[in-house]
Amino acid sequence: DAGVTQSPTHLIKTRGQQVTLRCSPKSGHDTVSWYQQALGQGPQFIFQYYEEEERQRGNFPDRFSGHQFPNYSSELNVNALLLGDSALYLCASSLNKQGLYNEQFFGPGTRLTVL
Amino acid sequence: AQTVTQSQPEMSVQEAETVTLSCTYDTSESDYYLFWYKQPPSRQMILVIRQEAYKQQNATENRFSVNFQKAAKSFSLKISDSQLGDAAMYFCAVHQGGSEKLVFGKGTKLTVNP
């Protein structure tokens with residue numbers, strides 16, 4: 001049973017460029033959440049996708065956008081990169097079902113460095 | 001807004017000893033879940049233990065247990081018989097009912113000394 005996978009593992013970009021990060025959810029999961037983890041900090045929620053739509057968004061500018069495909073995989077796009085966007089980007093998947101909480105399973109992350 | 005505070009940036013423990021990591025949180029909701037995650041150098045977030053706020057009984061998972069004080073909004077993690085493999089960053093997180101996001105603290109770096 002494959003867990004959450006992310007690609008690439010590492011990425012180096014320069015200021016002003018655009019980047020796309022990819023996530024494949026755990027088998028059987030239909031919901032994908034993205035988190036940004038700056039160095040020495042805890043992860044911060046960017047947004048969540050379910051049924052190919054953004055369901056909830058955290059306090060991130062519009063430069064951060066996403067997409068979910070029919071096979072439930074997801075992309076995170078960041079435009080006009082800033083030095084402050086350097087971070088570990090974590091993807092988490094879950095199965096949407098009735099109830100208070102749907103457990104999120106995390107991938108290994110993509111380390112983005114902006115020079 | 002929900003906030004999670006971990007007041008111990010770093011902790012250390014001798015192998016086989018017991019250590020307690022502290023966490024306090026703030027939420028206006030009555031229904032929520034609390035979590036402790038472990039993040040080793042491999043970076044993958046691993047769920048250690050979960051506590052439902054409506055349950056009075058403290059959660060336990062093998063060597064890991066929590067002390068949940070709802071009125072004080074405190075949620076500490078106790079690791080018994082510490083092992084070298086327990087060395088990692090530990091994050092406390094809260095999930096509020098009706099929301100989709102986890103809110104994390106800044107983490108505590110745990111070192112286990114042989």
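Residues numbered from 1 in each chain as written. Chains lettered and ligands numbered in written order. Predicted model: local features only at pLDDT ≥ 70, side-chain atom pairs only at ≥ 80, totals over all residues. Heavy atoms only, no water.

Details of the sheet that holds strand 3 (residues 19-24) of chain A
All names here are of chain A.
Right, so step 1: Across the sheet, which stays open at both edges, the four strands sit in the order 1-3-8-7 with antiparallel pairing between neighbours. The outermost strands of the open sheet, each flanked by one partner alone, are strand 1 (5-7) and strand 7 (64-68). Direction aside, the axes of adjacent strands within the sheet are offset by 20° on average.
Right, so step 2: Bridge count between strand 3 and strand 8 (residues 74-78): five bridges; the pairing is antiparallel. Bridge pairing in strand 8 links Cys23 to Ser74. (Pairing = 2+ DSSP bridges. Helix = DSSP H or I, 4+ residues; strand = E, 2+ residues; numbered from the N terminus. Axes fitted to C-alpha atoms, helices over the stretch in contact; angles between N-to-C directions.)

Brief notes about the side chain of Asn102 of chain A
Residue and element names in this part refer to chain A.
Right, so step 1: Tracing the chain through its elements places Asn102 in the loop between strand 9 (87-94) and strand 10 (105-106).
Right, so step 2: By relative accessible area, Asn102 is classed as buried at 12%.
Right, so step 3: Residues within four places of Asn102 in sequence aside, it is in contact with Ser94, Leu95, Asn96 and Lys97. (Buried < 20%, exposed > 50% of the residue type's maximum accessible area, 1.4 Å probe, protein only. Contact = heavy atoms within 4.5 Å.)

Let's talk about the interface of chain B and chain A
Right, so step 1: Listed by partner, the interface residues are 22 residues for chain B and 24 residues for chain A.
Right, so step 2: Surface buried jointly by chain B and chain A totals about 2,000 Å² across both partners, of which 55% is contributed by carbon and sulfur atoms.
Right, so step 3: Connecting chain B to chain A are one salt bridge.
Right, so step 4: With its nearest N and O atoms 3.7 Å apart, the salt bridge here joins Arg50 of chain B to Glu103 of chain A.
Right, so step 5: When contributions to the side of chain B that touches chain A are tallied by element, the ones reaching two or more residues are strand 5 (32-39), strand 6 (46-52), strand 10 (88-96) and strand 11 (102-104) of chain B.
Right, so step 6: Element by element, the count of residues in the side of chain B that touches chain A is highest for strand 5 of chain B, at five residues. (Buried area = accessible area lost by both parts, 1.4 Å probe. Salt bridge = Lys/Arg side-chain N within 4 Å of Asp/Glu carboxyl O.)

Section: the packing of aromatic side chains
Two measures describe an aromatic ring pair: the distance that separates the ring centres and the angle between the ring planes.
Right, so step 1: Per the stated rule, a full pass over the model turns up 14 aromatic pairs over all chains.
Right, so step 2: Aromatic pair Phe106 of chain A and Tyr37 of chain B: ring centres 5.5 Å apart, planes at 80°, arrangement edge-to-face. Highlighted residues: Phe106 of chain A in strand 10 and Tyr37 of chain B in strand 5, drawn from two different chains. Each member of the pair, Phe106 of chain A as well as Tyr37 of chain B, carries the same accessibility label: buried.
Right, so step 3: Ring geometry for Phe91 of chain B and Phe104 of chain B: centres 6.4 Å apart, planes at 85°, overall edge-to-face. Of this pair, Phe91 of chain B sits in strand 10 while Phe104 of chain B is found in strand 11, placing the two residues 13 residues apart along the sequence. Here Phe91 of chain B matches Phe104 of chain B in class, with each residue buried.
Right, so step 4: Put simply, the rings of Tyr35, Phe45 and Phe106 of chain A together with Tyr33, Phe35, Tyr37, Phe91 and Phe104 of chain B pair up and form one aromatic cluster.
Right, so step 5: One residue, Lys26 of chain A, lies across the ring of Phe105 of chain A, its end atom 5.3 Å from the ring centre. (Phe/Tyr/Trp six-rings, centres within 6.5 Å; stacked < 30°, edge-to-face > 60°. Lys NZ or Arg CZ within 6 Å of the ring centre and 35° of its normal.)

Looking at unusual backbone geometry
Right, so step 1: With an omega of -5°, the peptide bond between Ser7 of chain A and Pro8 of chain A qualifies as cis.
Right, so step 2: With phi around 80°, Tyr72 of chain A is a residue other than glycine that occupies positive phi space.
Right, so step 3: Take Tyr72 of chain A: it is sitting in the loop between strand 7 and strand 8.
Right, so step 4: Look at Tyr72 of chain A and you get partly exposed, because its relative accessible area is 40%.
Right, so step 5: Positive phi is not limited to glycine here, since Asn62 of chain B has a value of about 55°.

A look at the nonpolar core
Right, so step 1: Among the nonpolar cores identified, the biggest contains 26 residues, and Trp36, Phe75, Leu77 and Tyr90 of chain B are the most heavily contacted of them.
Right, so step 2: Residue assignment for this core shows that the elements contributing at least two residues are strand 3 (19-21), strand 5, strand 6, strand 8 (64-69), strand 9 (74-79), strand 10 and strand 12 (108-113) of chain B.
Right, so step 3: Tallying contributions element by element places strand 10 of chain B first for this core, with four residues.
Right, so step 4: Ranked by size, the runner-up nonpolar core spans 20 residues in total, among them Phe47, Phe64, Leu76 and Tyr89 of chain A. (Core = buried A, V, L, I, M, F, W, Y, C linked by side-chain atoms within 4.5 Å.)

Some words on the pattern of salt bridges
Residue and element names in this part refer to chain A.
Right, so step 1: Under the criterion given, the structure shown has eight salt bridges over all chains.
Right, so step 2: Glu75 is the salt-bridge partner of Arg22, the closest N and O atoms lying 3.4 Å from each other. Taken together, the residues span a long stretch of sequence, with Arg22 in strand 3 and Glu75 in strand 8 at a distance of 53 residues.
Right, so step 3: By relative accessible area, which is 41% here, Arg22 ends up partly exposed.
Right, so step 4: Glu75 gets classed as buried once you look at its relative accessible area, which sits at 17%.

None of this, on its own, says anything about what the molecule does.
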